[in-house]
Amino acid sequence: MANRAVPREDLTDEENLHHMQIRLHDLEDIVARVEDRAAGSMALAEELARAKAELISQRRRAEDNARKINSILDAVIDGIISVNADGVVESANASAYRMLNSNARKLIGAHLSQFLRGLDNRDCTPCSTTSPGGDMNALVGRRLSCTAKATDGASFPAELVISRTSFSGTDSFTCVMRDVTEQRKAEQEIQKLALYDQLTRLSNRYEFEARLKTAITLADRQDASVALLLLDLDNFKHVNDNYGHPVGDELLQYTAQVLLESVRESDTVARIGGDEFAIILINVEDPLRIRQVAERIVNKLSQPVLLDGSLVHTGTSVGISIYPRDATDSKELVRLGDKALYEAKTQGRGTFQYYDEVMDARARGERILENDLRLAVVREEFEMFFQPQLRSVDGGILGAEALIRWRHPDGELKMPGQFIVHAEKTGIINDIGKYVLLAACREARRWRDTGMAPMPVAVNVSPSQVKDDGFVAAVTDALEEAGIGPEWLEIELTENIALDTGAGVLEKLNQLDRLGVRLAIDDFGTGYASLAYLRKLPVRKLKIDQTLIANMLQPGPDYAITEAIVNLGRSLNFTSIAEGVETTAQADAVRRTLCSGMQGFLFSRPLAADDFRDWLAGQK
Ligand code: C2E
Ligand code: MG
Ligand code: MG
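Residues numbered from 1 in each chain as written. Chains lettered and ligands numbered in written order. Predicted model: local features only at pLDDT ≥ 70, side-chain atom pairs only at ≥ 80, totals over all residues. Heavy atoms only, no water.

**Side note on the overall build of the protein**
Along the backbone of the protein there are 22 helices and 22 strands. In terms of C-alpha radius of gyration, the protein reaches 50 Å, well past the compact-globule figure of 25 Å for 620 residues. Going through the 620 residues of the protein one by one, you find that 41% of them count as buried. Taking as baseline every contact in the protein between residues at least 6 positions apart, the subset at least 24 positions apart corresponds to 59%. Total accessible area on the protein stands at roughly 33600 Å², and carbon and sulfur atoms take up 52% of it. (Helix = DSSP H or I, 4+ residues; strand = E, 2+ residues; numbered from the N terminus. Rg over C-alpha atoms; globule rule 2.2 N^0.38 Å. Buried < 20%, exposed > 50% of the residue type's maximum accessible area, 1.4 Å probe, protein only. Contact = heavy atoms within 4.5 Å. Areas by Shrake-Rupley, 256 points an atom, 1.4 Å probe, with all protein chains shown as cover.)

Next up, the structure:
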């Protein structure tokens, strides 16, 4: 090797030494460089080792994270399925496998539409685009409903929300799938609650109305008829009050059963109110069928039924209207059915009644009466008649009852029986009542002013008048306007109002009593009020009903009842007066009971104000 440090013979020792030194220097240089390079390689190797260790730990961390994310995804109850832009499954979580009864081998690579069936379904509006080749983008961000089909063939309703993520320019779609079976069940239950009566499981009023409309539409199409039967139970309230609500409930269930057994499957039976039921009979080409159904129901429900150990008597009346014979729409059909029912009830219960023109004429008559009554108030067509009340022992005059008459423009003098009920039904009684109070008080004032012995006037008031907020004010206004003291006014109440504790009735009666107005119970002995109960009211006087007086002399208990009322009344501080005394024999019998007063045709019929004043003058 040229570099080998061998002494040359052609050179002096000195020169050789010099060369050797240079060579040595070179070698030292080379050694230093080699050493440097070795050190550099070591550092590089160390660097590489560190980098490798770092990479390994990063990969571990990434794997840990991925595992963590997967276990979180697996813990989610919703199914999570990741698909590519074509709708092909790339991955799924455990819930998705569980819900679809599937596994990665079956699911990955499958298309969404293979297991989400609703997705190609029209009624699942936006979903049709996910059929193979459809655009996933169109579904992003919407809430989709569909039917998921598991691999074992079972299916369940599902809701789907799809979101999009981009990975290095490629779109991936995450579908979150929820099993909504329970939710749908709850929705159906709510729907049922809204449409069906819980107690009887019959359609409720809403469902009934909808079905009636549908029945009418179908009847139009098929040129057929629909019959509507409306009914209610005769003494349901009584059953509830006397046997308790559980028995009342059983009665309703029993009724529902009877009704269902009386109709065809295609007909509708509904409970539309407390004890009100409705039946829709469709395709009633044969009118006999309507009659048979109604008859069967009336007969079956009129038989007593054993409920919870008690023999319960009930009954029903049925009103029938027929489409298109009677009405042009469902509302009208119900209205007329109601009228027919009302008619059936007034004809005596336990019957059925078809709606017909006659009833309509009656309704028209009622409308005319209402109109005329309103006009009568304005035109002041009412007049007060007066009938004296006398002391039993000596025939002295105790006072007079004011009785209304209506001088109708057609010339007839109408009696209260011809219009008071209707005035009560329409609320016109309140205006009439104010007139009566004032007219009666004015007449009492006149008796005093014309030099007759002052005496109280008795005025009849209807329950609805007492319930009216302005009742007490109407009384005090009348007293003030006529200029008489409260002791000259007596108010005749019905037994029913005395039993009514609502609408502040008792408070109003107490107010009148404190004012000094005397209160009497009219027609006592026919209703349900007991004397013990009446004692709690500020009532001072009982007017014994004319039916008791009329029958006093007949065999039977009426004399004894009258006597008992008088005696018990006296011991409770009521004075009594007998109404409807027509014969001297009746008057004698009344006297024997020690009843303190009498009123009736025997002494005088009710007279017009002038005639009554003449009668009074004659009495002197
Ligand atoms: P009420 O208050 O019990 O009046 C007694 C009714 O019996 C009166 O009939 C009277 O004419 C009749 N009457 C009197 N004595 C006899 C008799 O000896 N025999 C028979 N058979 N009847 C007799 P009216 O006037 O037809 O009144 C009927 C009912 O109309 C009254 O019964 C009362 O409840 C009501 N009424 C009368 N006027 C008014 C009024 O101004 N306002 C209100 N809200 N109701 C009134
Ligand atoms: Mg009366
Ligand atoms: Mg009476």
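Don't stop here, the text continues.
**Some remarks on the coordination of the magnesium ion (ligand 3)**
Within the first shell, the magnesium ion (ligand 3) binds the protein through Asp522 (OD), Asp523 (OD), Glu579 (OE) and Glu579 (OE), at distances of 2.0 to 2.4 Å. Read N to C, the donor residues that coordinate the magnesium ion (ligand 3) are spaced as D-D-x55-E. A distance of 4.0 Å spans the gap from the magnesium ion (ligand 3) to the magnesium ion (ligand 2), which Asp522 bridges by coordinating each metal. Of this pair, Asp522 sits in strand E18 (residues 518–524) while Glu579 sits in the loop between strand E20 (575–578) and helix H21 (584–592), placing them 57 residues apart in sequence. The exposure class assigned to Glu579 is buried, which follows from its relative accessible area of 6%. (Donors = N, O, S within 2.8 Å, 3.2 Å for Na, K, Ca; no water.)

**Considerations on empty space enclosed by the protein**
Throughout the structure, instances matching the rule amount to two cavities of 30 Å³ or more. Of the volumes computed, that of the largest cavity is approximately 60 Å³. Secondary structure elements with two or more residues in the lining of the largest cavity: helix H13 (429–449) and helix H15 (471–482). With four residues, the top contributor of residues to the lining of the largest cavity is H13. Taken together, the residues of the lining of the largest cavity sort by class into three nonpolar, four polar and two charged. Estimated volume of the second largest cavity: approximately 50 Å³. (1 Å grid on protein atoms, 1.4 Å probe; cavity = no way out; pocket = protein on both sides within 12 Å on 5 of 7 lines; lining within 4 Å. Points joined across faces, edges and corners; volume = space filled by probe spheres on them. Nonpolar A, V, L, I, M, F, W, Y, C, P; charged D, E, K, R; others polar.)

**Points about the pairing of strand E13 (residues 382–391)**
Among the 10 residues in E13, eight count as buried, and that is most of the element. Here E13 pairs with strand E14 (residues 397–407) via nine bridges, running antiparallel. The partner of Phe385 across the bridge, within E14, is Leu403. Here E13 hands over to E14 after five residues, with Gly395 in that stretch at a positive phi of 75°. Looking at chain direction, E13 and strand E22 (residues 607–608) are connected through two bridges and run antiparallel. Bridge pairing in E22 links Phe386 to Leu607. Bridge count between E13 and strand E21 (residues 597–598): two bridges; the pairing is antiparallel. Looking at E21, one finds that Leu390 is bridged to Met598. (Pairing = 2+ DSSP bridges.)

**Regarding the packing of aromatic side chains**
Summed over the entire model, instances satisfying the criterion amount to nine aromatic pairs. Look at Phe382 and Phe419: their rings are 5.8 Å apart centre to centre, the planes differ by 35°, and that puts the pair in the tilted class. A residue pair is termed long-range when its members are at least 10 positions apart, and Phe382 in strand E13 and Phe419 in the loop between strand E15 (413–414) and helix H12 (420–426) qualify at 37 residues. For the pair shown, Phe382 and Phe419 are each scored as buried. Pairing Phe612 with Trp615 gives two aromatic rings, centres 5.9 Å apart and planes at 10°, and the pair type is stacked. Of this pair, Phe612 and Trp615 are both found in helix H22 (residues 609–619), three residues apart, which corresponds to roughly one turn of the helix. Of the two residues examined, Phe612 and Trp615, each falls in the buried class. Members of the aromatic cluster, connected to one another through ring pairs, are Phe382, Trp406, Phe419 and Tyr435. (Phe/Tyr/Trp six-rings, centres within 6.5 Å; stacked < 30°, edge-to-face > 60°.)

**Quick notes on the site of ligand 1**
Not every one of the 24 residues close to ligand 1 is listed here, only the nearest: Asn460, Asp522, Gln546, Glu582 and Phe601. Here an oxygen atom of ligand 1 and a side-chain polar atom of Glu401 are 2.9 Å apart. Within the backbone of Phe601, one N or O atom sits 2.8 Å away from an oxygen atom of ligand 1. Here ligand 1 loses 81% of its free accessible area of 790 Å² to cover by the protein chains. More than half of the atoms of ligand 1 fall within 2 Å of the grid points belonging to the largest pocket. Breaking the shell around ligand 1 down by element, the ones donating at least two residues are E13, E14 and E18. Broken down by element, the residue count for the shell around ligand 1 peaks at four residues, all from E14. Class assignment of the residues belonging to the shell around ligand 1 gives a composition of 10 nonpolar, seven polar and seven charged. (Near = heavy atom within 4 Å. Polar contact = N/O pair within 3.5 Å; in protein donor to acceptor, adjacent residues only side chain to side chain. Sits in = over half its atoms within 2 Å of the grid points.)

**A word on the sheet that holds strand E3 (residues 143–149)**
As summarised here, the arrangement of the five strands in space is E2-E1-E5-E4-E3, forming an open sheet in which the pairing is antiparallel. Of all strands in the sheet, those with a lone pairing partner are strand E2 (89–92) and E3, marking the two edges. On average, adjacent strands in this sheet sit at an angle of 35° to one another, irrespective of strand direction. Bridge count between strand E1 (residues 79–84) and E2: three bridges; the pairing is antiparallel. Looking at E2, one finds that Ser82 is bridged to Ser91. Along the sheet, helix H5 (residues 181–195) makes contact with E3, strand E4 (155–167) and strand E5 (170–179), crossing E4 at roughly 130°. (Axes fitted to C-alpha atoms, helices over the stretch in contact; angles between N-to-C directions.)

**Some remarks on H13**
Look at H13: 30 Å from first C-alpha to last across 21 residues, which is about the 30 Å you get at 1.5 Å a residue. Those residues of H13 that sit buried are Ile429, Ile432, Gly433, Val436, Leu437, Leu438, Ala439, Ala440, Cys441, Glu443, Ala444 and Trp447. With its phi angle positive at about 80°, Gly451 sits one or two positions after the end of H13. (Expected span 1.5 Å × (residues − 1).)

**Here's the deal with the nonpolar core**
Counting residues in each nonpolar core, the largest one holds 75 residues, and the members touching the most others are Trp447, Leu489, Ile491 and Leu534. By residue number, the principal contributor to this core is H13, which donates 10 residues. Ala256, Ile279, Val298 and Ile320 belong to the second largest nonpolar core, which has 33 residues in total. (Core = buried A, V, L, I, M, F, W, Y, C linked by side-chain atoms within 4.5 Å.)

**Some words on the pairing of E5**
Of the pairings in the sheet, the one linking E1 to E5 comprises six bridges and is antiparallel in character. Within E5, the position partnered with Val83 by the bridge is Phe173. In the sheet, E4 pairs with E5 via 10 bridges, with the strands oriented antiparallel. Note on E5: the bridge partner recorded for Glu159 is Arg178.

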